[in-house]
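The lines below spell out each chain.
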Amino acid sequence: MEPGGQRQPQRRRLQGPRQEAAEYYRGHRVPQRMEEALNALFPRRPADLYGELRICSTVMSSHSQIPENALPETTEADEKERNDSVNTAVEWVNESLNTMLRELEPTDQCKVDKMLGEYFTKQVEQKKEIQKQEEEEEEEATLALTSCTLSATALPGEKKAAKPGKKMAVAERAIPPAEPLESVLCGSLAIGGTSLAIAKAGATISRIPLYLHIAQLKHDQDSPKEMTLPLPMVTLLNCEKISPAKLKLVKEVMLIPPVQLPLKQGIERILDIQKEMMRLLEPPGKAQPGPQLADSKKGKAHNAGKKAPPRALKRISHLGCLITGCDSLEQPLLLVQTACNNIGLELGRDMYLAINCAAHELMDYVKGKYEILTGMFKSPDEMVDVYVELINKFPFIIALIDPLRKEDRQQWNNICCAVGSKCYLIAEDAAAYISKLKIDQNINIPMCSGVVLKYINQTKVSDLLELTGLLEGQRHITILGSPDGESSDDSLVDLAVGVGARFVKLGGLSRGERVTKYNRLLAIEEELAKNRTLREANLEFIAFAEESQAEKQPSDVPPPAKQDASPAQRAQPALQVRSLQLPENSTLT
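Residues numbered from 1 in each chain as written. Predicted model: local features only at pLDDT ≥ 70, side-chain atom pairs only at ≥ 80, totals over all residues. Heavy atoms only, no water.

**Quick word on the overall build of the protein**
Phase 1 of the analysis: When you go through the protein residue by residue, the secondary structure sums to 21 helices and 15 strands.
Phase 2 of the analysis: For the protein, the proportion of its 589 residues judged to be buried stands at 48%.
Phase 3 of the analysis: Within the protein, contacts between residues at least 6 apart in sequence are counted, and of these 76% link residues at least 24 apart.
Phase 4 of the analysis: By element, 52% of the accessible surface of the protein is carried by carbon and sulfur atoms, the whole surface being about 30500 Å². (Helix = DSSP H or I, 4+ residues; strand = E, 2+ residues; numbered from the N terminus. Buried < 20%, exposed > 50% of the residue type's maximum accessible area, 1.4 Å probe, protein only. Contact = heavy atoms within 4.5 Å. Areas by Shrake-Rupley, 256 points an atom, 1.4 Å probe, with all protein chains shown as cover.)

**A look at the packing of helix 14 (residues 380-393) against helix 15 (residues 409-419)**
What describes two packed helices is the angle between their axes and the distance between those same axes.
Phase 1 of the analysis: Packing of helix 14 against helix 15 leaves a shortest axis separation of 10 Å and a crossing angle of 20 degrees. In terms of orientation, helix 14 lies roughly parallel with respect to helix 15. The hand of the helix 14/helix 15 crossing is right-handed. Only Gln 411, Asn 414, Ile 415, Ala 418 and Val 419 of helix 15 make contact with helix 14, whose side of the interface consists of Pro 380, Asp 381, Val 384, Tyr 387, Val 388 and Ile 391. (Axes fitted to C-alpha atoms, helices over the stretch in contact; angles between N-to-C directions. Parallel < 35°, antiparallel > 145°, perpendicular 65-115°, else oblique. Left-handed = near helix turned anticlockwise from the far one by under 90°.)

**A look at the environment of Cys 326**
Phase 1 of the analysis: Summarising the element assignment, Cys 326 is placed in the loop between strand 4 (322-324) and helix 13 (330-342).
Phase 2 of the analysis: You can call Cys 326 buried: its relative accessible area is 0%.
Phase 3 of the analysis: Sequence separation of Cys 326 and Leu 373 is 47 residues, and the distance between their C-alpha atoms is 9.7 Å.

**A closer look at a negative patch on the surface**
Phase 1 of the analysis: On the surface, Glu 134, Glu 135, Glu 136, Glu 137, Glu 138, Glu 139 and Glu 140 cluster together into a patch of negative charge.
Phase 2 of the analysis: Its place among the elements puts Glu 134 in helix 5 (residues 109-152).
Phase 3 of the analysis: Taking the relative accessible area as the measure of exposure, Glu 134 reaches 43% and is therefore partly exposed. (Patch = residues over 30% accessible without salt bridge, like charges linked within 9 Å, V, L, I, M, F, W, Y side chains within 5 Å. Salt bridge = Lys/Arg side-chain N within 4 Å of Asp/Glu carboxyl O. Lys, Arg positive; Asp, Glu negative; His and termini not counted. Charge placed at Lys NZ, Arg CZ, Asp CG, Glu CD.)

**Side note on the packing of aromatic side chains**
Phase 1 of the analysis: In the structure shown here, the tally under the stated rule is 4 aromatic pairs.
Phase 2 of the analysis: Taken together, a centroid distance of 5.7 Å and an interplanar angle of 75 degrees make the contact between Tyr 424 and Phe 503 edge-to-face. Of this pair, Tyr 424 sits in strand 10 (residues 424-427) while Phe 503 sits in strand 15 (residues 503-507), and the two are 79 residues apart along the sequence.
Phase 3 of the analysis: What makes Phe 503 buried here is its relative accessible area of 0%.
Phase 4 of the analysis: Judged by centre distance (4.4 Å) and plane angle (40 degrees), the ring pair of Tyr 424 and Phe 541 falls under tilted. Residue Tyr 424 is located in strand 10, and its partner Phe 541 is located in the loop between helix 19 (512-530) and helix 20 (544-550); the two are separated by 117 residues in the primary sequence.
Phase 5 of the analysis: For Phe 541, a relative accessible area of 16% corresponds to the buried category.
Phase 6 of the analysis: Among the aromatic residues, those joined into a cluster by ring pairs are Tyr 424, Phe 503 and Phe 541. (Phe/Tyr/Trp six-rings, centres within 6.5 Å; stacked < 30°, edge-to-face > 60°.)

**Focus on the packing of helix 9 (residues 210-218) against helix 18 (residues 491-499)**
Phase 1 of the analysis: Where helix 9 contacts helix 18, the two axes come as close as 8 Å, and the packing angle between them is 40 degrees. Crossing geometry of helix 9 relative to helix 18 is assigned as right-handed. Residues Leu 210, Tyr 211, Ile 214, Ala 215 and Lys 218 of helix 9 form the contact with helix 18, whose own contacting residues are Ser 491, Asp 494, Leu 495, Val 497, Gly 498 and Val 499.
Phase 2 of the analysis: Across the contact of helix 9 with helix 18, the residue classes break down as 7 nonpolar, 2 polar and 2 charged. (Nonpolar A, V, L, I, M, F, W, Y, C, P; charged D, E, K, R; others polar.)

**Examining unusual backbone geometry**
Most peptide bonds take the trans form, and the phi angle of most residues other than glycine is negative.
Phase 1 of the analysis: A positive phi angle is found at Asp 402, which is not glycine, with a value near 50 degrees.
Phase 2 of the analysis: Topologically, Asp 402 is positioned in the loop between strand 9 (397-401) and helix 15.
Phase 3 of the analysis: Phi angles above zero are rare outside glycine, and Arg 532 is one such case at about 60 degrees.
Phase 4 of the analysis: Mapped onto the fold, Arg 532 is located in the loop between helix 19 and helix 20.

**Quick look at the pattern of salt bridges**
Oppositely charged side chains are able to pair whenever their charged atoms sit close together.
Phase 1 of the analysis: If you walk through the whole model with that rule in mind, you get 17 salt bridges.
Phase 2 of the analysis: Lys 454 is the salt-bridge partner of Glu 428, the closest N and O atoms lying 3.1 Å from each other. On the criterion of sequence distance, the pair formed by Glu 428 in the loop between strand 10 and helix 16 (434-437) and Lys 454 in the loop between strand 13 (450-453) and helix 17 (461-473) is long-range, its members being 26 residues apart.
Phase 3 of the analysis: Linked by salt bridges that have partners in common, Arg 269, Glu 346, Arg 349 and Asp 350 make up one network.

**Some words on the nonpolar core**
Phase 1 of the analysis: The biggest cluster of nonpolar side chains holds 106 residues, and the ones touching the most others in it are Ile 397 and Leu 453.
Phase 2 of the analysis: For this core, the element with the most residues is helix 10 (residues 263-280), which contributes 7 residues.
Phase 3 of the analysis: Those residues in contact with Ile 397, other than ones at most four positions away along the chain, are Leu 333, Leu 353, Ile 355, Leu 390, Ile 391, Lys 422 and Cys 423.
Phase 4 of the analysis: Among the nonpolar cores identified, the runner-up in size contains 18 residues, and Tyr 424, Ile 479, Leu 539 and Phe 541 belong to it. (Core = buried A, V, L, I, M, F, W, Y, C linked by side-chain atoms within 4.5 Å.)

**Quick word on the state of the cysteines**
Phase 1 of the analysis: On inspection of all chains with the given rule, the structure shows 0 disulfides.
Phase 2 of the analysis: Cysteine Cys 321 remains unbridged, with the sulfur of Cys 239 as its closest cysteine sulfur at 8.7 Å.
Phase 3 of the analysis: Using a relative accessible area of 1% as the deciding quantity, one classes Cys 321 as buried.
Phase 4 of the analysis: Between Cys 417, a cysteine without a disulfide, and Cys 416, which holds the nearest cysteine sulfur, the sulfur-to-sulfur distance is 6.9 Å. (Disulfide = S-S within 2.5 Å.)

**What about the sheet that holds strand 8 (residues 376-378)?**
Phase 1 of the analysis: Reading across the sheet, the 3 strands line up as 6-7-8 and stay open at both edges, with antiparallel pairing between neighbours. Whereas interior strands pair on both sides, the edge strands pair on one side only; in this sheet they are strand 6 (363-364) and strand 8.
Phase 2 of the analysis: Bridge analysis of strand 6 against strand 7 (residues 369-373) gives 2 bridges, and the strand direction is antiparallel. When the sheet's bridge partners are listed, Met 363 is paired in strand 7 with Tyr 370.
Phase 3 of the analysis: Across the sheet, helix 14 lies against strand 7 and strand 8, angled at about 100 degrees from strand 8, the strand it touches most. (Pairing = 2+ DSSP bridges.)

**Some points on the confidence of the model for the protein**
A low pLDDT score tells you not to read the predicted coordinates there in detail.
Phase 1 of the analysis: Averaged over the protein, the pLDDT score is 79; the fraction of residues at 70 or greater is 71%.
Phase 2 of the analysis: Contacts from residues 62-66, a stretch scored under 50 in pLDDT, to residues over four places away or in other chains number 16 contacts.
Phase 3 of the analysis: Low pLDDT, under 50, characterises residues 553-557; the predicted model gives this stretch 7 contacts beyond four residues in sequence or across chains. (pLDDT = per-residue confidence, 0-100.)

The structure is reproduced here in structure tokens:
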């Protein structure tokens, strides 16, 4: 009776989580999609059933995430596009790709990826032919109406002649136009999903972890003697860009633990900061800064005239972090600084910051300026001054992601020369389409410290290996970013370790699909340390201004003085990463 009596409370405790899990899976149509995949596989009765299911699951988990605050019509359209893409991708896998790859060796990644690339090229050509035929039919159908319209609009020609003058006035202060968005072929994620599934199969056959298999592919099958782990960029805040919040420039505030700190301790430190920030974001008057803030020199410098902390919204973003709204650029930074000081930590020594500016989302093309706050606009040149002042005021910021649009190349040059010697300037939007990055063994990006790469759509493992090699040759750092999709697949971490990425951008410490990736990073570190193949990491900045002077290239911004080196810069050389582990049952919430 006693064992049965003990099981009853346990069943009651599990009843709630089971119901939540069932609702979650139903909401994401998991049973329907699994049923569709199994029904498609059954007529062929494949010998490696689980291998084919792995490919299908990789494809189905690669869909894009619908952003917060999306309009109902936008959500519905995105959902339809996503479902069409997944269904088409599964059809490619079950039909053409299955037949094409059946006799190939999973360990021959280059050959498989080459065939996948050729298959994708044919699909693109077929799509273009269909579109061309549709356009020709539309032109024929509207030919009569066009001729009538031309005759009817021929009379008021003089009135239209006056308009170019107005456009010329706008064009004088016009900025470089945004590059057209690259269309994504429906079903393209089957290519990337299949390539990654082949890499996993190759690692399984070779009886080695995926990250080591990727590293061997990069080094022509030679197993590296030592490997370095990427540092995590952990998203702490997702700054809301809708009313009543005024701040638009900051999309994410991220924490980067110092590399000499064990990763487990670094994550625990970030959790402590997160808890303190939650306390500070309680209703005004309830939270008070700790005594460390008054004793800190930086606390004295930044506390004067500080506004009340912003109010947090009671929900977690798809990035796995708290959503909040701010009214100034300094407000979220002072909030993090206060939280750190209250628990005895100092930014610039015990923790560093990175900011995802996402400036390409802020451009007002009529004014030709960025709207950094509600009603406050800055030109591309003025944006450089904003960032120079920001980095000088908050030297613990060691990375800015997308501080400018990719089209503002001259301003990228200026900001790199101004602050590139003490802060990483990262391009993410410019690297959104890996197929456009590589042109004749060169990287088609503005001057920057490095790029954020995402393994999505038709990107293949071989593409990622080739591109990271080119980036290393040009002294760019690689950050592997988590796709927007909701997936518990932790292969991204193995890819980041295998290609030798400097950072990995996984989002916040909430939501199971992100926690899984952090746990995988800790497991890899433990394994490397156990095998004594964990190498010390160095974070080095590039003195763009000095190199520009050496090459006799004029710059609009003078090089920064050497004595102004930030604490972050002085702390970086020869910092060691040691082995750690996070308990598997940890929720990191």
